[in-house]
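Summary of structural features
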Amino acid sequence: MEAFEYARPASGKEALELLGGSFADSEILAGGMDLISLMKNYVLSPKRLVNIKGISEFSGIRSTQQGLAIGATTTLQELIEHKTIAADYPGLHQAADAIPSPQIRNMATAGGNLCQRPRCWYFRNGFGLLARDAKGNPLVPGGDNRYHAIFGNDGPAYFVNGSSLAPALIALSAQARIFSANGWREVAVADFFRTPRNDNERENVLQPKEILGEIVIPSASKGLRTSTYEVREREALDWPLATASVALKMSGNKIEKASVVLGYVAPIPWQAKEAGDWLAGKTLNEETAAKAGEAAVQGAKPLSGNKYKVQLARVCVKRALLAAGRA
Amino acid sequence: MSDHRSNGSGNGPGNPGKADNANPENAKPEKGVSRRSFIKGAGVAVSAVTMLREGLLSPTAAAADAKVAGPGAIAMTLKINGQAHKITAEPRLTLLDALRNNLDITGAKKVCDRATCGACTVLMDGKAIYACTLLAIDAQGHDLQTIEGLSAEGALHPIEAAFVDHDAQQCGFCTPGFVMAAKSFLDAHPQPTREQVTKGFGGNFCRCGTYVGVREAVLDAAGRMRGGRA
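Throughout this description, residue numbers start from 1 for each chain and increase along the sequence as written. Going through the entries in the order they are written, you letter the chains from A and number the ligands from 1. Totals for whole chains, interfaces and linings use all residues, but because this is a predicted model, local features are given only for residues with pLDDT of at least 70 and pairs of side-chain atoms are given and counted only at 80 or more. Values shown for side chains rest on all heavy atoms present in the structure; no hydrogens or waters enter the calculation.

**Re the overall build of chain A**
Each helix and strand in chain A was counted, giving 13 helices and twelve strands. Relative to the 2.2 N^0.38 estimate, which gives 20 Å for 327 residues, the radius of gyration of chain A is 19 Å and therefore close to what a compact globule would have. Classification of residues uses two cut-offs on accessible area relative to the type maximum, computed with a 1.4 Å probe and protein chains only: under 20% is buried, over 50% is exposed, and between them is partly exposed. The 327 residues of chain A split such that 61% are buried. It only takes one pair of heavy atoms within 4.5 Å for two residues to be counted as in contact. For chain A, restricting intrachain contacts to residue pairs at least 6 apart in sequence, the fraction spanning at least 24 positions comes to 65%. Residues scored as charged are limited to Lys and Arg (positive) and Asp and Glu (negative), so that His and the chain ends carry no count. Charge positions come from single atoms, namely NZ of Lys, CZ of Arg, CG of Asp or CD of Glu. Here chain A contributes 38 positive and 32 negative side-chain charges, whose respective centroids are spaced 3 Å apart. Under the scheme used here, helices are H or I runs from DSSP no shorter than 4 residues and strands are E runs no shorter than 2 residues, and both carry numbers assigned from the N terminus. This radius of gyration counts C-alpha atoms alone. The globule rule is 2.2 Å times how many residues there are, raised to the power 0.38.

Structure, rendered in structure tokens:
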């Protein structure tokens, strides 16, 4: 990797002073699980790293008036071991606990999990965020796209978002709290992600001098039945091929309201609104869960090599729903 | 995260990236020179290359200036196996390279160098981490333990003894990482189930495929560490 300047500020305000005006100037370092490898591969070569691990405003898990606030620098292991999260938000706990490597769980952070760069081997091998050839033509549609998007893939982005936590957080209507010179602003985690239109944009709404400081699960989401189900190629050290996180407001065995969010199938965490809408008013059972899975993949448009992911997504939704019902 | 995992990374299109001139272990040893002494020599050349990079981010405020380290070498102190070690290195140096190249503590192995294989596993404050993906500068102020610090010279830790007894290695290159992962795992799970053992080692790869032996060794070591069998 290229040489860089390094700073470890003690406060959010100090961190903002140290961040540069463009993404090429500086990157925010926390767990470093994604960033350091991208720098070793020269995909990213920031001039400065600003380590936010020591900043207390961005750390720890605490109850606030709004709900449960998870500091961005909370490690995945801390999140997994948190008793309230395990008891009240099993869908989120499962999403974190399924990340296979203990070493990664000890190092990686909640904020970093949301901000990690896309899963796309073209991007990670130096072909740019939108993976185009020298003439500007996209490489993914005619290339090896077995792990690419089946939703939201009309271009120019074909990669998948690689956050395991995001679908579970979106199902819980969580808010991302972003710190900048103007103070804190809030954006729904669902709106935190966006599909970049050019190579200079990023996959989320953060600007160069903004920091994702914490994630808040609103108190109103307590009592929802949640679950995350994922399918992966192997149990060790890899990302899932598809996941589904669901949150259900139940009245007895009847679903009043449902949120279904798919992971690893689109450039952003993918909200399967059709499935959620269809489930409202239904009784949760094997048949309705399967039909919700059908509804969730209605709009899928697989690429040449990833049709199998449609079936995985369908099954993830069904099994996540049934698990949430049993919880 | 890395080029070695299947999903969205490994076996993909060719890498148009630059040669890694910050990675002396990629260099080819010369005849008559030991590998490690050659690596140390190559390190000097690496520093010279670093000096040439210009256009680093200028500090935005005088107050910030004092808080910025690098890009050149700075003094660092690493507490490894209970002993403080001083090195002078750039912020880009990883803990793994600091251990192996600066301090000759070579138990932790460099294999993927991308937080993917577990061969570099060491303990930081008792927790297993990937030394390849932690900057040395960030490892300061923490208690680091490598396999060299697991037991006294010449003696085997119960985990190491169990690995020997269960043939839990073939080529042995992943073994130090597995043993350190086992130490962290058994400290947290003194009476593990077989299922917990399987899940607990999802961060380490053995390409010889000795997983069965590793699992047996870990279960056996748990008993030995509880005093069931010395």
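That covers the picture; the talk isn't over yet.
**A look at the overall build of chain B**
Per the secondary structure count, chain B includes eight helices and six strands. From first element to last, N terminus to C terminus, chain B shows the α and β order α-α-β-β-β-α-β-β-α-β-α-α-α-α. Burial statistics for chain B: of 230 residues in total, 50% are counted as buried.

**A few points about the pairing of strand β2 (residues 26-29) of chain A**
All names here are of chain A. Between any two strands, pairing holds if DSSP finds at least two bridges. Across four bridges, β2 lies against strand β3 (residues 48-51) in parallel orientation. If you follow Glu27 over to β3, its bridge partner there is Leu49. A right-handed crossover is one whose linking path, passing over the helix from the first strand to the second, runs clockwise when the strands point away from the viewer. In the classification by handedness, the crossover that spans β2, the intervening helix α2 (residues 35-40) and the parallel β3 is right-handed.

**Comments concerning the packing of aromatic side chains**
Stacked, edge-to-face and tilted labels apply to pairs of Phe, Tyr and Trp rings (six-membered ring for Trp) whose centres lie within 6.5 Å, assigned for plane angles under 30 degrees, over 60, and everything in between, in that order. Considering all chains together, one arrives at ten aromatic pairs over all chains under this definition. Ring geometry for A:Phe192 and A:Phe193: centres 5.2 Å apart, planes at 90°, overall edge-to-face. One exposure class covers both A:Phe192 and A:Phe193, and it is buried. Seen from their ring centres, B:Phe178 and B:Tyr211 are 6.3 Å apart, and the 70° between their planes marks the pair as edge-to-face. Taken as a pair, B:Phe178 in helix α6 (residues 175-188) and B:Tyr211 in helix α8 (residues 211-225) lie far apart in primary sequence, 33 residues in all. The exposure class assigned to B:Tyr211 is partly exposed, which follows from its relative accessible area of 25%. Above the plane of the ring of B:Phe173 lies B:Lys109, whose end atom (NZ or CZ) is 5.8 Å from the centre. Placement of a charge over a ring requires the Lys NZ or Arg CZ to be within 6 Å of the ring centre, with the centre-to-atom vector within 35 degrees of the ring normal.

**A short note on the confidence of the model for chain B**
All names here are of chain B. Every residue carries a pLDDT, the predictor's confidence in it, which falls somewhere between 0 and 100. Per-chain confidence: chain B averages 82 in pLDDT, with 70% of residues scoring 70 or above. Note on residues 46-54: pLDDT under 50 across the span, and 14 contacts to partners over four residues away in sequence or across chains. Contacts of residues 59-64 to residues separated by more than four positions or lying in other chains number five contacts, the stretch itself having pLDDT below 50. This complex was scored by the predictor with a pTM of 0.90 and an ipTM of 0.95.

**Observations concerning the packing of helix α5 (residues 158-165) of chain B against α6(B)**
Residue and element names in this part refer to chain B. Running from amino to carboxyl end, α5 crosses α6 at an angle of 125°, the nearest separation of the two axes being 10 Å. Comparing their axes, α6 and α5 come out oblique. Considering how the two elements wind past one another, α5 and α6 form a crossing that is right-handed. Taken together, the residues of α6 that come into contact with α5 (itself represented by Ile159, Glu160 and Phe163) are Thr175, Phe178, Val179, Ala182, Lys183 and Leu186. Each residue is assigned to one of three groups, with Ala, Val, Leu, Ile, Met, Phe, Trp, Tyr, Cys and Pro labelled nonpolar, Asp, Glu, Lys and Arg labelled charged, and all others, Gly among them, labelled polar. For the contact of α5 with α6, the class distribution of residues is six nonpolar, one polar and two charged. Fitted lines through C-alpha atoms serve as axes, helices being fitted only where they are in contact, and the angles separating the N-to-C directions of these axes extend from 0 to 180 degrees. Roughly parallel means an angle under 35 degrees; roughly antiparallel means over 145; roughly perpendicular covers 65 to 115; every other angle is labelled oblique. It is the rotation of the near helix from the far one that decides the hand of a crossing: anticlockwise by less than a right angle makes it left-handed, clockwise makes it right-handed.

**Describing the sheet that holds strand β8 (residues 211-218) of chain A**
Backbone-to-backbone hydrogen bonds pair the strands of a sheet. The strands run either parallel or antiparallel. Residues and elements named next belong to chain A. An order of β4-β5-β8-β6-β7 is seen for the five strands of this open sheet, with the pairing classed as antiparallel. Among the strands making up the open sheet, the edge pair consists of β4 (61-63) and β7 (183-188). The mean angle between the axes of side-by-side strands here comes to 25°, regardless of whether they run parallel or antiparallel. Looking at chain direction, strand β5 (residues 67-71) and β8 are connected through five bridges and run antiparallel. Paired with Gly67 across the strands is Pro218, a residue of β8.

**Considering the domain arrangement of chain B**
A common way to express how large an interface is: the accessible area buried when the components associate. Residues and elements named next belong to chain B. Each domain of chain B was delimited in the assignment, giving domain 1 (21-52), domain 2 (77-149) and domain 3 (158-225). As annotated, the domain borders come from an automatic or database domain assignment. Centre-to-centre, using C-alpha coordinates, domain 2 lies 21 Å away from domain 3. Listed by partner, the interface residues are 17 residues for domain 2 and twelve residues for domain 3. Once two parts are put together, the accessible area they lose, assessed with a 1.4 Å probe and summed over both, is termed the buried area. With both sides pooled, the region where domain 2 packs onto domain 3 buries about 1100 Å², and carbon together with sulfur makes up 65% of that total. Counting the surface domain 2 buries against domain 3, the share from its top three residues, Lys109, Thr121 and Ile147, is 39%. Criterion for a salt bridge: a side-chain nitrogen of Lys or Arg within 4 Å of a carboxyl oxygen of Asp or Glu. There are zero salt bridges connecting domain 2 and domain 3.

**Some thoughts on the pattern of salt bridges**
A full pass over the atoms with the stated rule returns 33 salt bridges over all chains. With a closest N to O distance of 2.8 Å, B:Lys199 and A:Asp97 form a salt bridge. Placement of B:Lys199 in helix α7 (residues 194-200) and of A:Asp97 in helix α5 (residues 90-97) is noted, with the two residues assigned to different chains. Taking the relative accessible area as the measure of exposure, B:Lys199 reaches 37% and is therefore partly exposed. Residue classification places A:Asp97 among the partly exposed positions, given a relative accessible area of 22%. Residues A:Lys318 and A:Glu286 are paired through a salt bridge, measuring 3.5 Å at the closest nitrogen-oxygen approach. With A:Lys318 in helix α13 (residues 308-326) and A:Glu286 in helix α12 (residues 286-296), the pair connects residues that are 32 residues apart, well separated along the chain. With relative accessibility at 26%, the residue A:Lys318 sits in the partly exposed group. When salt bridges with common partners are traced through the structure, they connect A:Lys40, B:Asp97, B:Lys110, B:Asp113 and B:Arg114 into a single cluster.

**Re the environment of A:Val216**
Residue and element names in this part refer to chain A. On the secondary structure map, Val216 appears in strand β8. With 155 residues separating them along the chain, Val216 and Ile61 place their C-alpha atoms 9.6 Å apart. Excluding residues within four positions of it along the chain, Val216 makes contact with Gln66, Gly67, Leu68, Ala69, Ala174, Gln175 and Arg177.

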